[in-house]
Amino acid sequence: MRNTDQDGRLGTTPPVPGRPTTFLSGLCCLCALLFALITWQVAADGPLRDADERLGPWITGSRLPDGAAEFLADLGGVAVAVPVLALAIAYAAWRGRRADAFRWWLAPVAAAVAMAAVPVLVVPLKEIIGRTGPPGMDGSGYYPSGHTATAMVAYGGAALLLLPYLRSTYARRELVIACALLNFGVGLGLVRRGYHWPLDVVASWCLFGMVLYAITLVVARYGHRATESDPAQPK
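Basis of the calculations
- Numbering of residues starts from 1 in every chain and runs along the sequence as written.
- Totals for whole chains, interfaces and linings use every residue, but because this is a predicted model, local features are given only for residues with pLDDT of at least 70 and side-chain atom pairs only at 80 or more, for both listing and counting.
- Side-chain descriptors were evaluated using all non-hydrogen atoms of the structure, hydrogens and water having been removed beforehand.
- Helix and strand assignments follow DSSP, with helices taken as H or I runs no shorter than four residues and strands as E runs no shorter than two, numbered in order from the N terminus.
- Summary of the burial criterion: residues with accessible area below 20% of their type's maximum are buried, those above 50% are exposed, and those between are partly exposed, where the area comes from a 1.4 Å probe applied to protein chains only.
- Here, two residues are considered to be in contact whenever any of their heavy atoms come within 4.5 Å of each other.
- Within this document, salt bridges are pairs made up of a side-chain nitrogen of Lys or Arg and a carboxyl oxygen of Asp or Glu, the two lying within 4 Å of each other.
- Note on definitions: angles span 0 to 180 degrees between N-to-C directions of axes, and those axes are lines fitted to C-alpha atoms, for helices only across the stretch in contact.
- Any angle that falls under 35 degrees is termed roughly parallel, while one over 145 is termed roughly antiparallel, one within 65 to 115 roughly perpendicular, and all others oblique.
- The hand of a helix crossing depends on one turn: near helix anticlockwise from the far one by less than a right angle means left-handed, and clockwise means right-handed.

A.B. asks: Could you give an account of the side chain of Ser204, naming the residues involved and the relevant values?
C.D. replies: Topologically, Ser204 is positioned in helix H8 (residues 198–222). Among the residues examined, Ser204 registers a relative accessible area of 0% and is labelled buried. Aside from chain neighbours lying at most four places away, what touches Ser204 is Pro144, Ser145, Thr148, Ala149 and Gly209.

A.B. asks: How would you sum up the pattern of salt bridges? Please name residues and give values.
C.D. replies: Counted by the stated rule, this structure contains 8 salt bridges. A salt bridge links Asp45 to Arg49; the shortest N-O distance between them is 3.7 Å. Assessed through its relative accessible area of 47%, Asp45 is described here as partly exposed. On the accessibility criterion, Arg49 (15% relative accessible area) is buried. Residue Arg192 pairs with Asp66 through a salt bridge whose shortest N-O separation is 2.7 Å. Here Arg192, found in helix H7 (residues 169–192), pairs with Asp66, found in helix H3 (residues 66–74); they are 126 residues apart in sequence, far enough to count as distant. In this structure, a network of salt bridges that share partners links the residues Asp45, Arg49, Asp52, Glu53, Arg131 and Asp200.

A.B. asks: Please set out the packing of helix H6 (residues 146–162) against H8 residue by residue, giving values where relevant.
C.D. replies: Where H6 meets H8, the axes come as close as 9 Å, and the angle between the chain directions of the two elements is 25 degrees. Put simply, H6 runs roughly parallel to H8. The two elements H6 and H8 meet at a crossing, and its hand is right-handed. Taking contact as the criterion, the partners of Thr148, Ala149, Met152, Val153, Gly156, Gly157, Leu160 and Leu161 in H6 are, on H8, Val201, Ser204, Trp205, Phe208, Gly209, Leu212, Ile215, Thr216 and Val219.

Here it is as structure tokens:
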């Protein structure tokens, strides 16, 4: 459903009112609590960290082929993930501008800012926590995982920008599932190849799950939604 502002420009009503918004807010709060707990345990060398360092070698020794794991881990690299988000930003901006949607630029800008926030949040945490890597990895600064964070924002942000342009509930659901599986695959590949401990990955999921929630709010309020009268929508 579309509305107009005081100048008569087309906008959108939030697509996730009521109960879904409450669910997402609760999920965001859960991410915040989990991130705080994990960070505390890792920094304090608590029992959760001990369990994590026992789980890591078990995943590293799993039967997932090295080539497949490396491929999945590489999907979290800047050279792969960022261009995906850039294409989604360009598409969302084009569609919103063509439809003259109210503040069409806000959702694409929010996604770009979220990606820029990845090093701003991750690098200081790596320095402060100073966690050493799994066996075979040199130095410290492995918590939280930067590749996981990049993948979360790039693929999650791209999915959020594209969701309003999918008319089919089935298509939207499949896009969300594909995004979740892709991010899980990146995390699994990183741990399987011994680049990170499992909690390094989970912490990034939690931290940047909160960032994606912020993008969701912007997209819900200002993201252009496909309608029958949309001039850019195929007939």
